[in-house]
Amino acid sequence: MSPMMQGIVTVFFGVGGCVAYFWLSNLALDKVFFPPRGPHAGRNINRANVIRPWLFLLPALSALGLYLMYPVVGSFVRSLHNRSGDEFVGFDNYSTMFADPGFQTAFTNNFLWILFVPAASTFFGLLVAQLTDQLKWGNIAKSLIFMPMAISFVGASLIWKFVYANNADVGLINAIRDMFGAGPIDVLQVGFWNNFFLMIILVWIQTGFAMVILSGALRGIPEETVEAAIIDGANPFQVFFKIKVPQIKGTITVVWTTITILVLKVFDIVYTMTGGNFGTDILPSYMMSYMFRDDGRATAVAFVIMLIVLPVMIWNIRQARAEMR
Amino acid sequence: MENIAGSRPALRWVTNISVILLVLIWLLPTIGLLVSSFRDRDQISASGWWLSAFAVEQNFGVKIAADTATPEGDLFVIKGNVFEETGSEVIRFGGSRSAPTDYAAGETAALTRDRALTVQVNGDFVYTSPAEITRNPTVYFSLASPPDFSLDNYETIMTSSNMDRAFINTLTVTIPATIIPILIAAFAAYALAWMDFAGRGLIIAVVVGLLVVPLQLALVPLLQFHNKIGIGQSFLGIWMAHTGFGLPLAIYLLRNYMVGLPRDIIESAKVDGATDFQVFTKIVLPLSFPALASFAIFQFLWTWNDLLVAKVFLPSNSESWVMTVKIADDLLGSRGGDWGILAAAAFVSIAVPLIVFFTMQRYLVRGLLAGSVK
């Protein structure tokens, strides 16, 4: 069966199956088990209402449980076993990993990414949001800066491979160097700084996201506070930094954490651009180098990533609970 | 608020110019790729895409036949024209491989062993040597080839590189993986927004927590699980994986939206005797269209652009490559220096998301804002 046919069949059966499940289960509940009539009508309605939410939730909960909750435990257990998974080795995978210089580089680089990418994206996002708010063609500018959001990380990496190309007739960076008489360099092989050249790609993608959300927040600022500041003689910079930014601090944190989480998951850019060579590995790409080879090591790296995400997760849940009250 | 900048023309100028600059910086890389995808490989390596609107100087070499030399005085002379057809113009020329363009057209080049060469703009050349010429000498020259844009790269990539197969595979992964989670999430979101039951708050908290679980964690245990139940690496497996990974965001976005729907409508429908199932399908689902659309776009972009899940959950043979895997694992290796082909491949893979993005941007932005701004 060709993949296209297979896809069509799946859409048909998958969607049909889902619809049938919800429809039939509700039908059964109302018509067969607890019909809202007869001598026990009132009791039946109440019982049906107790069961119904779980009918609605069942597919979602089982998928969440299997694809997101079980792996947390499953990965941890797997990381305590050897390469092929048949022998319990305790924390051996972790101790060899921490001693591996490759892991240490990946860990340090990942730290740099977490420091730089969210900060730069949020900064540029805020800058563009504020600047375009006052322009007639602001929405067009926003669309264009938002556009990289639609592009895959692989596509974005290829786009920037052109910019970074070694050849002064292909790469913009080297063309500019050439203009000043400097010889061509391969920016992806310049130790330490090459990490930043990779990060720029993610900043380029994420600035649009930060901009959209921050400009929404800027619009939500009550005009009176801004007007009062202007009447008191504040200049535009004071209005921005002392009146506007403090009022959208909450949104800035949300944007910052969202991008931080993304940084912890992204592996495509490093994989496509350098394959982790020249000292540019980060944890997700380091993990992929063990995938299919040594599942014990791969899951150990994954679990380290999970531990780094944990504080953000707790913060997220607290935030959500506070909002619900 | 406009009057902050409006009150000072100088500041307005600064704003305009800095936004133009930022937009340019953001656009240039993509424009470069787009332009390059239409140029042929020789032109790409001869001049930057920013010069692609101008003629490109390209170098050629032509062997001239030694046996056409005629003695003239004490010299042996070869005369002729470097072009087979007239019409081109020589810009520079030279007589040796190491210095192919040292002389401008019309000058006389002094070569080794007292030989001399003159090439005119129209291609006429005179080659002289004091000694008899035994081996065919080569004349090197450069000429301006006009800008050459074509769809050749796209044709190559779609016909001979299996990119068409990858395109279809990507579609096959994306469509089911977009539709199925929406349906499942919509029911769950309704239950979490409008139904009363014990443990609701806890489930919402879990969903919010799961938003940040790194995908990496799921790869090994789930691949083993898929192998155990006999799916292995297959399309069915990747659909299930994308469904699971997309659900937290879907439930979160849809629940946030549904909670905001007016309570009166839903309650009056219930008073009239509608069951929750009817309220959901007849009232809440149609009203939630903006949120459904925005999540659909997210999930579509995310599954279309995904590399990691496809690398792990799809078989690694070239028959099942999606476009991102095709580009990252195949083209970048085998066609590493073939910029035109790479650019065309990249554009094939980002064309659909870009179209979706520019037509549905409104919903995308609305979805983002619903999820993050309180």
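What you see is a predicted model; the values in this text were computed from it and never measured.

## Digging into the sheet that holds strand β8 (residues 124–129) of chain B
Residues and elements named next belong to chain B.
And then number 1: Strand order in this open sheet of 5 strands is β2-β3-β8-β7-β6, and the pairing throughout is antiparallel. Two strands bound the open sheet, and with one partner strand each, they are β2 (70–72) and β6 (108–110). Each adjacent strand pair in this sheet contributes to an overall mean axis angle of 25°, direction not counted.
And then number 2: Two elements, β6 and strand β7 (residues 116–119), share 3 bridges in a ladder whose sense is antiparallel. Within the sheet, the bridge partner assigned to Ala-110 lies in β7 and is Ala-116.

## Overview of the environment of Phe-103 of chain A
All names here are of chain A.
And then number 1: Relative to the elements of secondary structure, Phe-103 occurs in helix α4 (residues 101–133).
And then number 2: The spatial distance from the C-alpha of Phe-103 to the C-alpha of Gly-38 is 69 Å, given a sequence separation of 65 residues.
And then number 3: Leave out the neighbours within four places in its chain, and Phe-103 touches Met-97, Phe-98, Leu-283, Tyr-286 and Val-304.

## Description of the side chain of Ser-349 of chain B
Residue and element names in this part refer to chain B.
And then number 1: Along the chain, Ser-349 turns up in helix α14 (residues 339–372).
And then number 2: Polar side-chain contacts of Ser-349 include one of 3.0 Å to the backbone oxygen of Ala-346.
And then number 3: Here Ser-349 is in contact with Trp-304, Met-323 and Ile-327, once residues within four sequence places are set aside.

## Details of the confidence of the model for chain B
Residue and element names in this part refer to chain B.
And then number 1: When pLDDT is averaged across chain B, the result is 85; 96% of the residues are at 70 or more.
And then number 2: A low-confidence stretch, residues 1–6 stays under pLDDT 50, and its non-local contacts, those more than four residues away or across chains, total 14 contacts.
And then number 3: The ipTM for the predicted assembly is 0.90, set against a pTM of 0.86.

## Here's the deal with helix α6 (residues 200–210) of chain B
And then number 1: Of all the positions in α6 of chain B, only Ile-203, Ile-204, Ala-205, Val-207, Val-208, Gly-209 and Leu-210 of chain B are classed as buried.
And then number 2: Lining the buried residues of α6 of chain B we find α2 (41–79) and α14 (295–324) of chain A together with α5 (163–194) and α8 (235–259) of chain B.

## Things to note about unusual backbone geometry
Peptide bonds are trans in most cases, and residues, glycine excluded, mostly fall at negative phi.
All names here are of chain A.
And then number 1: Positive phi, normally seen in glycine, also occurs at Phe-192, with a value near 65°.
And then number 2: Among the structural elements, Phe-192 can be located in the loop between α7 (172–179) and α8 (193–219).
And then number 3: Using a relative accessible area of 44% as the deciding quantity, one classes Phe-192 as partly exposed.
And then number 4: Despite not being glycine, Phe-292 has its phi angle at roughly 70°, a positive value.
And then number 5: Counting through the fold element by element, Phe-292 comes out in the loop between α13 (283–288) and α14.
And then number 6: For Phe-292, a relative accessible area of 48% translates into the label partly exposed.

## A short note on a positive patch on the surface
Residues and elements named next belong to chain B.
And then number 1: Taken together, the side chains of Lys-63, Arg-97, Arg-113 and Arg-135 present a region of like positive charge at the surface.
And then number 2: Inspection of the secondary structure puts Arg-135 in the loop between β8 and β9 (138–145).
And then number 3: Residue class for Arg-135 comes out exposed when judged on its relative accessible area of 70%.

Basis of the calculations
Residues numbered from 1 in each chain as written. Chains lettered and ligands numbered in written order. Predicted model: local features only at pLDDT ≥ 70, side-chain atom pairs only at ≥ 80, totals over all residues. Heavy atoms only, no water. Pairing = 2+ DSSP bridges. Helix = DSSP H or I, 4+ residues; strand = E, 2+ residues; numbered from the N terminus. Axes fitted to C-alpha atoms, helices over the stretch in contact; angles between N-to-C directions. Contact = heavy atoms within 4.5 Å. Polar contact = N/O pair within 3.5 Å; in protein donor to acceptor, adjacent residues only side chain to side chain. pLDDT = per-residue confidence, 0-100. Buried < 20%, exposed > 50% of the residue type's maximum accessible area, 1.4 Å probe, protein only. Patch = residues over 30% accessible without salt bridge, like charges linked within 9 Å, V, L, I, M, F, W, Y side chains within 5 Å. Areas by Shrake-Rupley, 256 points an atom, 1.4 Å probe, with all protein chains shown as cover. Salt bridge = Lys/Arg side-chain N within 4 Å of Asp/Glu carboxyl O. Lys, Arg positive; Asp, Glu negative; His and termini not counted. Charge placed at Lys NZ, Arg CZ, Asp CG, Glu CD.

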